[in-house]
Amino acid sequence: TCVVQVDLNAMADVAGEQAPRRFKVAGEGLELTITLDAKWQARPFQQAVALPFVKKFNSQQREGGRQLSVEALCGVQIDGAGLSRVADARLAAAGLVVPPAASRVELTFGEPPPTELRLRVACGDVSVKLTLDKRWLGKTVAEAVVKPFLSVYNRRQPTATPPRTPEQAVEIHADGAKLPSAKEALRMGPLEALGWHCTRVDLFFSYEAVRAAAKPRPMLGQSVGHISTADYREATELLWTHRKLNKADGAAIARSFTAASPLRKLKYLYLYGNSLGDEGLAALAPALRREHAPALRELHLSTNGIGSEGVRALAELCHPSPKLAALSLHDNRISDEGVFALADAISGGSFVVEKVTLHTNPAVSAEGVRRMTEACAGADFAEPTPDRGPTPYIPLDHTPQRWLERGDVDK
């Protein structure tokens, strides 16, 4: 992670013209001063501030050293307020102009964008593998993804069927998740529209096809080892709570996940209330990597006898889906060592998560709380009170979990 601090000296307009501004840009052991005249002040933030710093930083690195990228910009803060999510920060910064009264800007850089994207594009019973290199990643989704696919798809349709065009797409799904707007996605670049780790794109040219593809979402709660590979691949939720699962079960789950990989539909994994311990989590962590579970959104590991070694293994071996929104590790045996390892992974961009619950880990010190809170804005160390806190699990057909109310406790 690279944090860039920009000190802005706001100056009043002189004779109707904007006075030059001097920026102190510092980060990763480098500090330089940039002077922006009126022309450069009007240019996008990425071009005027981020790009000069990135070029200077990269020019001073030894061969094989770390290289920054403007495309890897994943956090922007102006005077302490800003954008915390990676994609939002990149998109906003593309057209951002720093307000004249601003006094401090902070940038965060994460992992560099991929130079290649391998996709399986499908529509109905037609499926095509595409590999997008740098040249194709610079084109739009319509040019790089949809048109090449349709060149195959249209040839396989009956002669009397009119050929499909990219503009006719009514929905586009990336790794099982519907994109907000098919029309907007067609005009965007593949990395921006589909995400850096997308492996599958589904195209729909009619709403009848969308409805036909919508299948019941199974939630599997059977014993470990009694689920078929096909069931794993169709599951959106796996519920193994309070099953007395141990380290051997953690290894068994990992083997099953790897054998069925990729689990494109798996979004929620509930394993709380077991006895996985450090060894069980260490065995499971590699099977939860983004290439095995690209759609994973929630991972619940609370009350599992997990210590710092297990969390360190999770931080170093997992590299989960960038869609991961919630990680629960509360009510375990985690100490500062584990918290530091996870915080470093989050700060470094290898472990992306929005919220981490870590309360009821008595060995975590104030320094551990501070480090994790700085790395993850959604870090939660506050123990829930009777009328405030999420229920451990309520199957509400994939809607967000509701909050306990006083009436629930009184009952």
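This text follows the structure it describes.
Residues numbered from 1 in each chain as written. Predicted model: local features only at pLDDT ≥ 70, side-chain atom pairs only at ≥ 80, totals over all residues. Heavy atoms only, no water.

Regarding the overall build of the chain
The criterion, for reference: To qualify as a helix, a DSSP run of H or I must reach at least 4 residues; to qualify as a strand, a run of E must reach at least 2; elements of each kind are numbered from the N terminus. Note on exposure labels: buried denotes an accessible area under 20% of the residue type's maximum, exposed denotes more than 50%, and partly exposed covers the range between, all computed with a 1.4 Å probe on protein chains only. With residues, only the protein chains shown are counted as cover, and all accessible areas are computed by Shrake-Rupley using a 1.4 Å probe.
Check the secondary structure of the chain and you find 15 helices and 18 strands. Each of the 411 residues in the chain was classed as buried or not, and the buried ones make up 44%. On the chain, roughly 20,700 Å² of surface is accessible, and the fraction owed to carbon and sulfur atoms is 52%.

What about the pattern of salt bridges?
Under the convention used in this document: Note on definitions: salt bridges are taken to be side-chain nitrogens of Lys or Arg within 4 Å of carboxyl oxygens of Asp or Glu.
One pass over the structure, following the stated rule, counts 12 salt bridges. Among the ionic pairs, Glu279 bridges to Lys247, the shortest N-O distance being 3.4 Å. Linking Glu279 in helix 11 (residues 277-284) with Lys247 in helix 10 (residues 247-260), this pair joins segments that are 32 residues apart in sequence. Residue Glu279 is classed as exposed on the basis of its relative accessible area, which comes to 53%. With a relative accessible area of 45%, Lys247 lands in the partly exposed category.

Some words on the sheet that holds strand 11 (residues 200-204)
In plain terms, the rule: In short, DSSP must find at least two bridges between two strands for them to pair.
Here five strands make up an open sheet; going across it, the order is 8-7-11-9-10 and the pairing mixed. Unpaired on one side and paired on the other, strand 8 (126-132) and strand 10 (177-178) mark the two borders of the sheet.

Some remarks on the side chain of Asn361
Going by this rule: Two residues form a contact once any of their heavy atoms are found within 4.5 Å.
Tracing the backbone through its elements, the reader meets Asn361 in the loop between strand 17 (355-357) and helix 14 (366-375). Residue classification places Asn361 among the buried positions, given a relative accessible area of 5%. If we ignore the near neighbours within four places in the chain, the residues touching Asn361 are Leu329, His330, Asp331, Asn332, Arg333 and Ile334.

Some words on the pairing of strand 7 (residues 117-123)
Of all the seven residues making up strand 7, five are buried; the element is thus mostly covered by neighbouring parts of the structure. As defined by bridge partners, strand 7 adjoins strand 8 across seven bridges and the pair is classed as antiparallel. Bridge assignment links Leu117 to a residue of strand 8, and that residue is Leu132. Here strand 7 hands over to strand 8 after two residues, with Gly124 in that stretch at a positive phi of 65 degrees.

What to know about unusual backbone geometry
Peptide bonds are trans in most cases, and residues, glycine excluded, mostly fall at negative phi. Cis geometry marks the peptide bond from Ser261 to Pro262; its omega dihedral reads 0 degrees. Its place among the elements puts Pro262 in the loop between helix 10 and strand 14 (268-270).

Topic: helix 13 (residues 336-348)
Stated precisely, the cut-off is as follows: Any helix carries an expected span of 1.5 Å times its number of residues minus one.
The end-to-end C-alpha separation of helix 13 is 18 Å, in line with the 18 Å expected for 13 residues at 1.5 Å each. Check the buried side of helix 13 and you find it contacts helix 12 (308-317), strand 16 (326-328), strand 17 and helix 14. A positive backbone phi angle near 90 degrees is found at Gly349, which sits one or two residues after helix 13.

Let's talk about the packing of helix 13 against helix 14
How we decide: Only C-alpha atoms enter the line fits that serve as axes; for helices the fit covers just the stretch in contact. Angles between N-to-C directions range over 0 to 180 degrees. Angles are sorted into four bins: roughly parallel if under 35 degrees, roughly antiparallel if over 145, roughly perpendicular if 65 to 115, and oblique for all others. Working rule for handedness: look at the near helix, and if it is turned counterclockwise from the far one by less than a right angle, call the crossing left-handed; if clockwise, right-handed.
At a minimum axis separation of 9 Å, helix 13 and helix 14 run at an interaxial angle of 15 degrees. Comparing the axis directions of helix 13 and helix 14 gives the class roughly parallel. Note on packing geometry: the crossing formed by helix 13 with helix 14 is left-handed. When helix 13 is examined against helix 14, the residues Asp336, Val339, Phe340, Leu342, Ala343, Asp344, Ile346 and Ser347 are found in contact with a partner set consisting of Glu367, Gly368, Arg371, Met372 and Ala375.

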